[in-house]
Amino acid sequence: MLKSIATVSLSGTLPEKLEAAAAIGFDGVEIFENDLLTFEGSPEDIKGLANSLGLTITCFQPFRDFEAMPEPRRTRNLDRAERKFDVMQALGTNLLLVCSNVHAAAIDDDERAAADFFALAERAQRRGLRIGYEALAWGRHVNRWRHAWKIVQTANHPALGLIVDSFHTLAVNDDPTGFPTDKIFFVQLADASRLSMDVLSWSRHFRNFPGQGQLPVAAFLKEVLKAGYNGPISLEIFNDEFRAAPARLMARDGLRSLLLVEAEAGATELPPPPIFDGVEFLEFAVDDEQGRRLGETLRGLGFHYAGRHRSKSVDLFRQGRVNLILNSEPDSAASEHFQFHGTSVCAMALRVDDATQAIERATGLLCPEWHERIGEGERNIPAVRAPDGTLVYLVQPAPTGRTIYDDDFILFPDEAPPSLVSSVDHVAQALPTGRMDNFVLFYHAVFGFSPDQLWEIPDPYGLVRSRTMVSTDRSVRLPLNVSESRETATGRFLTTYAGAGVHHIALATDDIVHALEQASARGARVLGIPANYYEDIGAKWGLPDDRIESLRQHNLLYDQDESGEFLHAYTDTFDGRFFFEFVQRISGYQQYGATNAAVRMAAQAQQRPSR
Ligand code: MG
Ligand code: MG
């Protein structure tokens, strides 16, 4: 399928948009009239540029408020169309998108609309051009594709066809089955998260790429293909954040989303996402001094120093199934990461059933394998890079039971103390403003993770939006946090850290009170929770007094969902950069205590030097 993107979807000047689309690998672009109007050169210049970049101009749009207008507007519209035809011929495109009329003067008369389209198509055909009619979801009289199709049928002209758009169909829960055969001239795709607002504002500001929202775009595309359509598939996205983001970043997401939706619709094949089995390890970039301090912190949390790398300045701390690697090797990717971000997580490893297949899928979705320098005798672990550059290793357990630690580390034989925690429950990341969709698409497309519900969490200094990406079996959970304000916990993290990154690591335990008591005895510092919180949850959940008192004593936070209960507590932050969380899930609780995040952020804000 020819892959196209509307210029309105990308930031920059028209030549910048074309260059970004071509560089990422699109085959074509829809030229948005506004982009042309603000461009210094002529339509012929754009034709020349598109040719030199190997881009087809798939469509020129939009031509508004055309059909079923009273005179003299009707005649004026036909004259106006001739001028658009001139531009199209100079651009070298043959398709004009006419969207359904929204004008107050439009007449509710399908026969008139059909007659107008016939006249327009006649004029277009004389010049070798074609007309596509698209029903806008907020069109004055025509706002469903079936209605537009009826008018196209009545007009019955070979140069007139239908344009269908997933947003205009799915946003209003219209039925996408039964598209006409051979009369679809063009297909536009867009997704969106379900929002309760008027469809016009929703459409103009909050569309996103297929796979980033909640509309069944793949099912829509499947119907289009079933109708025999084999023309261009074009992304038409109106999104304020996209228009503020670098054009190439957005173009890459766009193409990735098209490759994904094509496969989901059954038009192409991609290997399935891997089956996950939790987090294998997290790697911190440190230097010697910070590594020593972080090692102390980890001991306080119940980790033991388990091994030293055979050839590098890299240490392994372990507890239960949790492996934390502290990398202070000079002149390495980790040291670069440390120079730029300070002490922080520079890599994450996920356990998968088939790493080779996982890399194949990632590569098919524009996320090629990343090769890290390795030493002699070290195991090569396949990796890809998350959108912020963090390495994500894919560790496939060997059938022999021999681990990557057996290969690369000298493991210390001394006994490990009893573990306080069993595994990594979730790894939360702070993202730069405007990048939620970017990360959601990466985890959804490459790993098949699905988004949990969106939370808006009040921080004392602004709002934090949080959405968790979860693997199908829920063994990997990655909460993603974004803040508009630079003063929230998330915003400050980004400033201190110089970019996106892990801001907390939650460790699962079966006995959180015991874990906290042990950790405190070893010198771990737990975040203090204000007494008012306990008054509040006592009333909210009707907990007995002795239970509340025990929670208060241990600075434990409490939540419930329909299946169970959640107990969790946070450590103090390490240099204001990241912190750990102990969590205990009771009888299948599935959330993350999002309602308590505000309390946590307020408590953390109190610990910071005042503004
Ligand atoms: Mg459209
Ligand atoms: Mg958490």
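So, how was this worked out
- Residues numbered from 1 in each chain as written.
- Chains lettered and ligands numbered in written order.
- Predicted model: local features only at pLDDT ≥ 70, side-chain atom pairs only at ≥ 80, totals over all residues.
- Heavy atoms only, no water.
- Helix = DSSP H or I, 4+ residues; strand = E, 2+ residues; numbered from the N terminus.
- Rg over C-alpha atoms; globule rule 2.2 N^0.38 Å.
- Buried < 20%, exposed > 50% of the residue type's maximum accessible area, 1.4 Å probe, protein only.
- Contact = heavy atoms within 4.5 Å.
- Areas by Shrake-Rupley, 256 points an atom, 1.4 Å probe, with all protein chains shown as cover.
- Lys, Arg positive; Asp, Glu negative; His and termini not counted.
- Charge placed at Lys NZ, Arg CZ, Asp CG, Glu CD.
- Donors = N, O, S within 2.8 Å, 3.2 Å for Na, K, Ca; no water.
- Pairing = 2+ DSSP bridges.
- Axes fitted to C-alpha atoms, helices over the stretch in contact; angles between N-to-C directions.
- Domains from an automatic or database assignment.
- Buried area = accessible area lost by both parts, 1.4 Å probe.
- Salt bridge = Lys/Arg side-chain N within 4 Å of Asp/Glu carboxyl O.
- Nonpolar A, V, L, I, M, F, W, Y, C, P; charged D, E, K, R; others polar.
- Expected span 1.5 Å × (residues − 1).
- Arc of directions from axis to C-beta.
- Polar contact = N/O pair within 3.5 Å; in protein donor to acceptor, adjacent residues only side chain to side chain.
- Core = buried A, V, L, I, M, F, W, Y, C linked by side-chain atoms within 4.5 Å.
- 1 Å grid on protein atoms, 1.4 Å probe; cavity = no way out; pocket = protein on both sides within 12 Å on 5 of 7 lines; lining within 4 Å.
- Points joined across faces, edges and corners; volume = space filled by probe spheres on them.

Asks: Explanation requested: the overall build of the protein chain in the structure shown.
Replies: Per the secondary structure count, the protein chain includes 21 helices and 26 strands. In terms of overall size, the protein chain behaves like a compact globule, its C-alpha atoms giving a radius of gyration of 28 Å where 611 residues would be expected to give roughly 25 Å. Overall, the C-alpha framework of the protein chain stretches about 85 × 60 × 45 Å when taken along its three principal axes. Within the protein chain, the proportion of its 611 residues that are buried is 58%. Residue pairs in contact within the protein chain that sit at least 24 positions apart in sequence constitute 73% of those at least 6 positions apart. For the protein chain, the exposed surface amounts to about 24,500 Å²; the carbon and sulfur share of it is 49%. The average position of the 60 basic charges and that of the 83 acidic charges among the side chains of the protein chain differ by 4 Å.

Asks: Looking at this structure, I do not really get the coordination of the magnesium ion (ligand 2). What am I missing?
Replies: Metal coordination angles in their ideal form are 109.5 degrees for the four-donor tetrahedron and 90 or 180 degrees for the six-donor octahedron. Here the magnesium ion (ligand 2) is held by the protein donor atoms His426 (NE2), His504 (NE2) and Glu581 (OE), which lie 2.2 Å from it. Ordering the donors of the magnesium ion (ligand 2) by residue number gives the pattern H-x77-H-x76-E. With a gap of 77 residues between them, His504 in strand 23 (residues 501-508) and Glu581 in strand 26 (residues 579-586) connect regions that are remote in the sequence. Note on His504: relative accessible area 5%, which makes it buried.

Asks: Would you explain the sheet that holds strand 21 (residues 462-470) in this entry?
Replies: The eight strands are arranged 20-21-22-19-23-26-25-24 in an open sheet whose pairing can be described as mixed. In this open sheet, the two edge strands, each paired with only one partner strand, are strand 20 (450-459) and strand 24 (557-560). The sheet shows a mean angle of 25° between the axes of neighbouring strands, direction not considered. Relative to strand 26, strand 23 runs parallel, the two sharing five bridges. Its bridge partner being in strand 26, Ala506 is matched across the sheet by Glu581. Those strands touched by helix 18 (residues 512-521) are strand 25 (565-570) and strand 26, and its axis lies near 155° from that of strand 26.

Asks: What should I look at first to understand the sheet that holds strand 5 (residues 130-134) in this one?
Replies: Strands pair in a sheet through their backbones, by hydrogen bonds, and they do so in one of two ways: parallel or antiparallel. The strand order around the closed barrel formed by eight strands is 1-2-3-4-5-6-7-10, and the pairing between neighbours is parallel. With strand direction ignored, the average angle separating the axes of adjacent strands in the sheet is 30°. Lying over the sheet, helix 9 (residues 217-226) contacts strand 6 (160-165), strand 7 (184-189) and strand 10 (233-235), oriented at roughly 170° with respect to strand 7.

Asks: Would you mind showing me how to read the domain arrangement of the protein chain here?
Replies: By convention, interface size is frequently given as the accessible area that disappears when the constituent parts associate. Domain annotation for the protein chain reports domain 1 (3-264), domain 2 (276-411) and domain 3 (423-606). Computed over C-alpha atoms only, the centres of domain 1 and domain 2 are separated by 46 Å. The interface is formed by five residues belonging to domain 1 together with five residues belonging to domain 2. Carbon and sulfur atoms make up 66% of the area that domain 1 and domain 2 hide from each other, which totals about 480 Å². Summed over the three residues of domain 1 that lose the most area to domain 2, namely Arg256, Leu259 and Leu260, the buried surface amounts to 75% of that side. The tally of links between domain 1 and domain 2 comes to zero salt bridges. Grouping the constituent residues of the side of domain 1 that touches domain 2 by class yields three nonpolar, no polar and two charged.

Asks: What am I meant to see in the side chain of Asp572 here?
Replies: Here Asp572 lies in the loop between strand 25 and strand 26. If we ignore the near neighbours within four places in the chain, the residues touching Asp572 are Arg525, Val526, Leu527, Phe578, Phe579 and Gln607.

Asks: What is the right way to look at the pairing of strand 20 in this model?
Replies: Looking down a regular strand, the side chains alternate between one sheet face and the other. Here eight bridges tie strand 20 to strand 21, and the two strands are oriented antiparallel to one another. Opposite Ile457, over in strand 21, you have Val464 as the bridge partner. Taking the residues between adjacent antiparallel strands as the criterion, strand 20 and strand 21 are bridged by two residues.

Asks: Help me understand helix 5 (residues 110-126) in this model?
Replies: Side chains of residues three or four places apart in an α-helix project in the same direction, reflecting 3.6 residues per turn. Under the 1.5 Å per step criterion, the end-to-end length of helix 5 is 24 Å for 17 residues, consistent within 8% with the ideal 24 Å. Residues of helix 5 that are buried include every one of Ala113, Ala114, Asp116, Phe117, Leu120, Ala121 and Ala124, and no others. What you see down the axis of helix 5 is that its buried residues fit within an arc of 160°, all on one side. Along helix 5, exposed side chains directed more than 90 degrees from the buried face belong to Glu111 and Arg126. Tucked into the core, helix 5 has its buried residues touching helix 4 (73-91), strand 4 (95-99), strand 5, helix 6 (145-155) and strand 6. Residue Asp109 occupies the N-cap position of helix 5, its side-chain oxygen lying 3.0 Å from the main-chain nitrogen of Glu111. Remark: Gly128 follows helix 5 within two positions and exhibits a positive phi of approximately 75°.

Asks: When you look at the nonpolar core in this model, what are you seeing that I'm missing?
Replies: In summary, soluble globular proteins display a tendency toward joint burial of nonpolar side chains. In terms of nonpolar packing, the biggest core is built from 172 residues, with Ile31, Phe117, Leu189, Phe284, Tyr443 and Phe447 touching the most fellow members. The leading source of residues in this core is helix 16 (residues 436-447), at nine residues. Of all hydrophobic cores here, the second largest spans 15 residues; its members include Ala383, Leu391, Ile404 and Phe409.

Asks: Honestly, empty space enclosed by the protein in this entry has me stumped. Any pointers?
Replies: Rolled over the atoms, a probe as big as a water molecule pinpoints where empty space is left. Tallied over the entire structure, the rule returns four cavities of 30 Å³ or more. One number sums up the size of the largest cavity: a volume of about 210 Å³. Around the largest cavity, the lining comprises 22 residues; the ones closest to its centre are Ile457, Ser466, Asn481, Tyr592 and Ala597. Breaking the lining of the largest cavity down by element, the ones donating at least two residues are strand 19 (423-431), strand 20, strand 21, strand 22 (477-483), strand 23 and helix 21 (594-607). Here the residues of the lining of the largest cavity sort into ten nonpolar, nine polar and three charged. Here the second largest cavity defines a volume of roughly 80 Å³. Around the second largest cavity sit Glu67, Ala68, Asn101, Ala106, Ile107, Asp108, Asp109, Asp110, Ala113, Tyr133, His141 and Val142, which together line it. Here the residues of the lining of the second largest cavity sort into six nonpolar, two polar and four charged.

Asks: What should I look at first to understand the pairing of strand 21 in this one?
Replies: Of the pairings in the sheet, the one linking strand 21 to strand 22 comprises seven bridges and is antiparallel in character. Bridge pairing in strand 22 links Arg465 to Val482. Here strand 21 hands over to strand 22 after six residues, with Arg474 in that stretch at a positive phi of 65°.

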